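If you want the building blocks of each chain, they are given just below.
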Amino acid sequence: MNNNNSILIVGSVAMDSIETPFGKRESILGGSATYSSISASFFSKYINIVSVVGKDFPKKYIGLFRSRKINIDGLQIREGQTFRWKGDYNYDLNLPKTIYTYLNVFGSFKPVIPDYYKGSKYIFLANIDPDLQKEVLSQIKRPEIIICDTMNYWIDKKRGPILKLVKNIDIFLVNESEARQLSGETNMKKAANFIMSHGAPCVVIKKGEHGVLFFSKRFCFYAPAYLLETIKDPTGAGDAFAGGMIGYLSSVKIINKEHIRKSMIYGSIMASFTVEDFSVKRLLKLSMRDINTRYNEFKRITSF
Ligand code: AMP
């Protein structure tokens, strides 16, 4: 399905194994495109994902995308194994230790954007190989907004291509340690300036439980994280943030300062739900009412 407000999300669909101080799960649904598309699906009915899985990918997970009305015409099913990632968190939930990353079918993935996706107005290049992100950009028409994410794995291997890519996008997302790794700066303002000096118009730095920073030449903004008591698994928080952000932006008529600020609050809300359970379990139980309740609480705790 397509319409003028379609969101195109390209990223990983994965089988994750996760260990946190609060539990352990094997081969659960994960991936950057998974979290971001499910999160965005609360704001838009027109979400198209492009990704790849192996023949081992459980059918029930395919059904799960369908249950959120996410279009998976662009999800290739290839001979071989699905991308697998294992992350281990200690009590500092902001920084997982990667135990392994098996690219599997992602190793030879060539994203093919179905023709009718090419006019999507809102693009989220979720965390995947930056060369694939670039390939996607070369296949689409100039959209309203392009948001792009990455992670330490790719900064280690492909720092140069990431720094080249940022001038072709509108908002670049990284977490705090990735911002340091990419820029060589410890101070977040300097790190953001470094990324902007490579042509990124806006930079968002995610600081986990300490909130999120927005930088651009015109304005800066800080949103705290929603105060939670129960955190089971921080995996996917960043992707759910991005999904909430682009989902909200696709629902407004113009993208201005006020809506950018609000999109960061919606992003933070979606991240806060995600971490309350493993995989996408909490997101799947969510209603728009829950989201709005948390939005109002957010307003209360940040107003002075
Ligand atoms: P987040 O916690 O938002 O940074 O994202 C976690 C998700 O990213 C997990 O579900 C993983 O499957 C996925 N992931 C981990 N490493 C990579 C990678 N190198 N490329 C793409 N996706 C990854």
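In what follows, the accompanying structure is described. Sequence order as written defines residue numbering, which begins from 1 separately in each chain. Per-residue local features of the predicted model are confined to residues with pLDDT of at least 70, and side-chain atom pairs are confined, for both listing and counting, to 80 or more; whole-chain, interface and lining totals are unaffected and use all residues. The basis for every side-chain value is the complete set of non-hydrogen atoms in the structure, without hydrogens or water.

1. Topic: the overall build of the protein chain
Phase 1 of the analysis: Where helices and strands are cited, they refer to DSSP runs of H or I of at least four residues and of E of at least two residues respectively, numbered from the N terminus. A tally of regular secondary structure across the protein chain gives 10 helices and 13 strands.
Phase 2 of the analysis: All radius of gyration figures rest on C-alpha atoms, and the globule criterion is 2.2 Å times the number of residues raised to 0.38. Taking 19 Å as the expected radius of gyration for a compact globule of 304 residues, we find that the protein chain reaches 18 Å, a close match to that expectation.
Phase 3 of the analysis: Overall size of the protein chain, expressed as C-alpha extent along the three principal axes, is 55 × 40 × 40 Å.
Phase 4 of the analysis: Burial analysis of the protein chain (304 residues in total) assigns 57% to the buried set.
Phase 5 of the analysis: Working rule for contacts: check all heavy atoms of both residues, and any pair within 4.5 Å makes them a contact. For the protein chain, contacts bridging at least 24 residues in sequence account for 66% of all contacts bridging at least 6. For every residue, the accessible area obtained with a 1.4 Å probe (protein chains only) is divided by the maximum for its type, and the residue is called buried under 20%, exposed over 50%, and partly exposed between those limits.

2. Some details on the site of the ligand
Phase 1 of the analysis: Around the ligand, 17 residues are found, and the nearest of them are S12, D16, G31, G236 and D239.
Phase 2 of the analysis: Here an oxygen atom of the ligand sits 3.2 Å away from a polar atom, N or O, in the main chain of G238.
Phase 3 of the analysis: Computed with a 1.4 Å probe, the accessible areas rest on the Shrake-Rupley method; for each residue, only the protein chains presented here act as cover. Taking 510 Å² as the accessible area of the ligand by itself, protein coverage stands at 91%.
Phase 4 of the analysis: In terms of residue count, helix 7 (residues 237-250) provides more of the shell around the ligand than any other element does, 3 residues in total.
Phase 5 of the analysis: Classification used: nonpolar for Ala, Val, Leu, Ile, Met, Phe, Trp, Tyr, Cys and Pro, charged for Asp, Glu, Lys and Arg, polar for all others including Gly. For the shell around the ligand, a count of residues per class yields 8 nonpolar, 7 polar and 2 charged. Nearness is defined per residue: one heavy atom within 4 Å of the molecule or strand is enough. Any pair of nitrogen or oxygen atoms within 3.5 Å is treated as a polar contact; in protein, a donor-acceptor pairing is required on top of that, and neighbouring residues in sequence qualify only through side-chain atoms on both sides.

3. Points about the sheet that holds strand 5 (residues 70-78)
Phase 1 of the analysis: We call two strands paired when DSSP finds no fewer than two bridges between them. Here 9 strands make up an open sheet; going across it, the order is 5-4-1-8-9-10-11-12-13 and the pairing mixed. The sheet is open, and its two edges are formed by strand 5 and strand 13 (220-223), each paired on a single side. The average undirected angle you get between the axes of adjacent strands in this sheet is 15 degrees.
Phase 2 of the analysis: To obtain each axis, a line is fitted to C-alpha atoms, and for helices this fit is confined to the stretch in contact; angles are then taken between N-to-C directions over 0 to 180 degrees. Here helix 7 sits on the sheet and contacts strand 1 (7-10), strand 8 (122-125), strand 9 (145-149), strand 10 (171-175), strand 11 (202-206) and strand 12 (212-216); the angle it forms with strand 8, its principal contact strand, is near 170 degrees.

4. Description of the pairing of strand 6 (residues 83-88)
Phase 1 of the analysis: Burial runs high along strand 6: 5 of the 6 residues are buried.
Phase 2 of the analysis: In this structure, strand 2 (residues 14-20) lies alongside strand 6, joined through 6 bridges in parallel fashion. Looking at the pairing, S17 lines up with K86 of strand 6.
Phase 3 of the analysis: Bridging between strand 6 and strand 7 (residues 97-102) involves 5 bridges; their strand directions are antiparallel. For D88, the partnering residue across the bridge sits in strand 7 and is K97.

5. Notes on the packing of aromatic side chains
Phase 1 of the analysis: Centre distance within 6.5 Å is the pairing criterion for rings of Phe, Tyr and Trp, where only the six-membered ring of Trp is used; planes under 30 degrees apart are then read as stacked, over 60 as edge-to-face, and the remainder as tilted. All told, the structure shown has 12 aromatic pairs when counted by the stated rule.
Phase 2 of the analysis: Here F83 and F106 contribute two aromatic rings whose centre-to-centre distance is 5.7 Å and whose plane-to-plane angle is 80 degrees, an arrangement assigned as edge-to-face. Linking F83 in strand 6 with F106 in the loop between strand 7 and strand 8, this pair joins segments that are 23 residues apart in sequence. Each member of the pair F83 and F106 is classed as buried.

6. Topic: helix 8 (residues 257-274)
Phase 1 of the analysis: Counted at 1.5 Å a residue, the expected span for helix 8 with its 18 residues is 26 Å, and the 26 Å between its end C-alpha atoms agrees.
Phase 2 of the analysis: Here helix 8 lies mainly inside the structure; 14 of its 18 residues are buried. Take the residue count of a helix, subtract one, and multiply by 1.5 Å to get its expected span.

7. Regarding the pattern of salt bridges
Phase 1 of the analysis: By definition here, a salt bridge exists when the distance from a side-chain nitrogen of Lys or Arg to a carboxyl oxygen of Asp or Glu is within 4 Å. As enumerated under the stated definition, the model contains 13 salt bridges in all.
Phase 2 of the analysis: The residue D115 makes a salt bridge to K118 at a minimum N-O spacing of 3.0 Å.
Phase 3 of the analysis: Given a relative accessible area of 23%, K118 falls into the partly exposed group.
Phase 4 of the analysis: A salt bridge links K207 to E176; its shortest N-O distance comes to 3.1 Å. Taken together, the residues K207 in the loop between strand 11 and strand 12 and E176 in helix 5 (residues 176-183) connect sequence positions 31 residues apart.

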